[in-house]
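# Summary of structural features
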Amino acid sequence: MIGGDFDTPIMYQDLANSSLGTMPYTTGIPPAMYGYGMGGMAGGSSYLGGVQMRQQPDRDKIEIMHKKENVGQVELATISFGQSFQITPIQLATTVSALVNGGRRVTPHFGMEVLSAEGKKVKTFRYNAKKHIVSEKTSQTMRELLESVVAEGSGKNAYVEGYRIGGKTATSQTLPRSANKYISSFVGFAPADDPQILGMCVIYNPQGVYYGGTIAAPVIGKIFENILPYLGIEKQ
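Parameters and conventions
- Residues numbered from 1 in each chain as written.
- Predicted model: local features only at pLDDT ≥ 70, side-chain atom pairs only at ≥ 80, totals over all residues.
- Heavy atoms only, no water.
- Helix = DSSP H or I, 4+ residues; strand = E, 2+ residues; numbered from the N terminus.
- Buried < 20%, exposed > 50% of the residue type's maximum accessible area, 1.4 Å probe, protein only.
- Contact = heavy atoms within 4.5 Å.
- Pairing = 2+ DSSP bridges.
- Axes fitted to C-alpha atoms, helices over the stretch in contact; angles between N-to-C directions.
- Patch = residues over 30% accessible without salt bridge, like charges linked within 9 Å, V, L, I, M, F, W, Y side chains within 5 Å.
- Areas by Shrake-Rupley, 256 points an atom, 1.4 Å probe, with all protein chains shown as cover.
- Salt bridge = Lys/Arg side-chain N within 4 Å of Asp/Glu carboxyl O.
- Expected span 1.5 Å × (residues − 1).
- Phe/Tyr/Trp six-rings, centres within 6.5 Å; stacked < 30°, edge-to-face > 60°.
- Core = buried A, V, L, I, M, F, W, Y, C linked by side-chain atoms within 4.5 Å.
- Polar contact = N/O pair within 3.5 Å; in protein donor to acceptor, adjacent residues only side chain to side chain.

Before going further, it helps to examine the overall build of the chain. Helices and strands together make up the secondary structure of the chain, namely 7 helices and 9 strands. Within the chain, the fraction of its 236 residues that count as buried is 32%. When contacts within the chain are restricted to residue pairs at least 6 apart in sequence, long-range pairs at least 24 apart make up 53% of them.

As structure tokens, this is what we get:
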């Protein structure tokens with residue numbers, strides 16, 4: 001697959017369904033990982049995807065990713081398929097949003113505005129946004145790839161009839177590997193051609209079947225099945 005034609009739908013589908021899609025970067029640190037805001041540190045007062053992580057006075061610094069100077073060939077290889085670094089769920093949601101919304105990394109937030117008892121707007125909140133994390137063209141390609149994951153790949157259990165859904169499954173093994181414990185997840189967004197909502201389901205230490213596409217994707221599918229009509233988004 002690595003030596004194949006990267007400009008075919010089959011290759012794109014393979015990469016969309018595989019964590020090995022970043023293998024070409026094993027000769028250097030993918031700059032986008034830090035551009036997405038994924039290179040933060042849990043120590044001190046760094047913000048990780050909008051979450052402030054403080055270092056305890058009696059504890060050493062806790063890094064959520066390798067420092068660039070500590071990344072060797074082994075780390076490059078394992079990072080390329082999603083191991084040896086950690087991100088928070090909020091970081092994951094923020095990064096995926098930036099990938100599919102045209103390249104804007106928006107600060108995660110809860111509130112948009114304050115209304116009076118009469119329903120009048122009292123205050124509007126503004127949040128920082130970093131533009132051009134990826135180009136619009138790249139973002140469009142990602143939307144198409146991730147839609148194919150749900151339409152015909154490992155995320156098919158998140159499909160909602162009449163709607164275009166995009167997403168990605170994940171199944172990670174926790175340390176020590178001998179414990180055979182996993183974290184299963186699925187991140188989805190809709191509509192795939194004009195994303196309005198994003199949902200994420202993370203299941204820690206599932207019992208029995210542990211694949212993200214099997215147990216996490218259906219959860220998001222059910223949520224979208226209710227949310228999309230509520231938002232007035234019509235079936236296509």
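Moving on, we come to the sheet that holds strand β9 (residues 197-204). The sheet built from 3 strands is open, its strands ordered β7-β8-β9 with antiparallel pairing. A strand with exactly one partner marks an edge of an open sheet, and here the two such strands are β7 (166-173) and β9. Here the average twist between neighbouring strands, direction ignored, is 10°. Bridge count between β7 and strand β8 (residues 182-190): 8 bridges; the pairing is antiparallel. By the bridge assignment, K168 is partnered in β8 with V187. Contacts from helix α4 (residues 89-100) reach β8 and β9 within the one sheet, and its direction differs from that of β9 by about 145°. Sheet contacts for helix α7 (residues 217-230): β8 and β9; angle to β9, the most-contacted strand, approximately 150°.

Let us look at a nonpolar patch on the surface. Together, V219, I223, I227, Y230 and L231 make up a nonpolar patch on the protein surface, roughly 470 Å² of accessible area in all. If you trace the backbone, V219 turns up in helix α7.

What follows deals with helix α5 (residues 136-152). Over its 17 residues, α5 runs 24 Å from end to end, which matches the ideal 24 Å to within 8%, given 1.5 Å per residue. Inspection of α5 places S139, R143, L145, L146, E147, S148, V149 and V150 among the buried residues, and these make up the whole buried set.

Overall, the coordinates contain 2 aromatic pairs when judged by the stated rule. For the ring pair Y210 and Y211, a centre distance of 4.8 Å and an interplane angle of 35° mean the geometry is tilted. A relative accessible area of 23% means that Y210 is categorised as partly exposed. Residue classification places Y211 among the partly exposed residues on the basis of a relative accessible area of 48%. In this structure an aromatic cluster arises from ring pairing among Y182, Y210 and Y211.

Ranked by size, the top nonpolar core spans 15 residues in total, and within it Y163, I165, F186, A190, F224 and L228 carry the most contacts. At the level of secondary structure, the elements contributing two or more residues to this core comprise β8, β9 and α7. Per-element tally for this core: the top contributor is α7, with 4 residues. Excluding residues within four positions of it along the chain, F224 makes contact with V160, I165, G188, F189, A190, I197, L198, G199 and P229. Grouped together as the second largest cluster of nonpolar side chains are 7 residues, L99, I133, V134 and L146 included.

Relative to strand β5 (residues 121-124), strand β4 (residues 113-115) runs antiparallel, the two being bridged by 3 bridges. By the bridge assignment for β5, L115 is matched with K121. Hairpin connection of β4 to β5: 5 residues between the antiparallel strands, including G119 at a positive phi of 90°.

For side chains bearing opposite charge, pairing can occur when the charged atoms are close. In total, this model carries 5 salt bridges according to the counting rule given. In this structure, E113 and K121 form a salt bridge, with 3.5 Å as the shortest nitrogen-oxygen distance. For R164, the salt bridge identified is with E147, shortest N-O distance 2.8 Å. Within this pair, whereas R164 is found in the loop between α5 and β7, its partner E147 is found in helix α5, the two being separated by 17 residues in sequence. Look at E147 and you get buried, because its relative accessible area is 17%. Put simply, E147, R164 and D193 are held in one network by salt bridges that share partners.

What follows concerns the environment of E113. For E113, the location among the structural elements is in strand β4. Separated by 10 residues in sequence, E113 and K123 have C-alpha atoms that sit 5.5 Å apart. In contact with E113, not counting residues within four places along its chain, are K121, K123, T124 and F125. Within the structure, the side chain of E113 is placed 3.5 Å from the side chain of K121, a separation counted as a polar contact.

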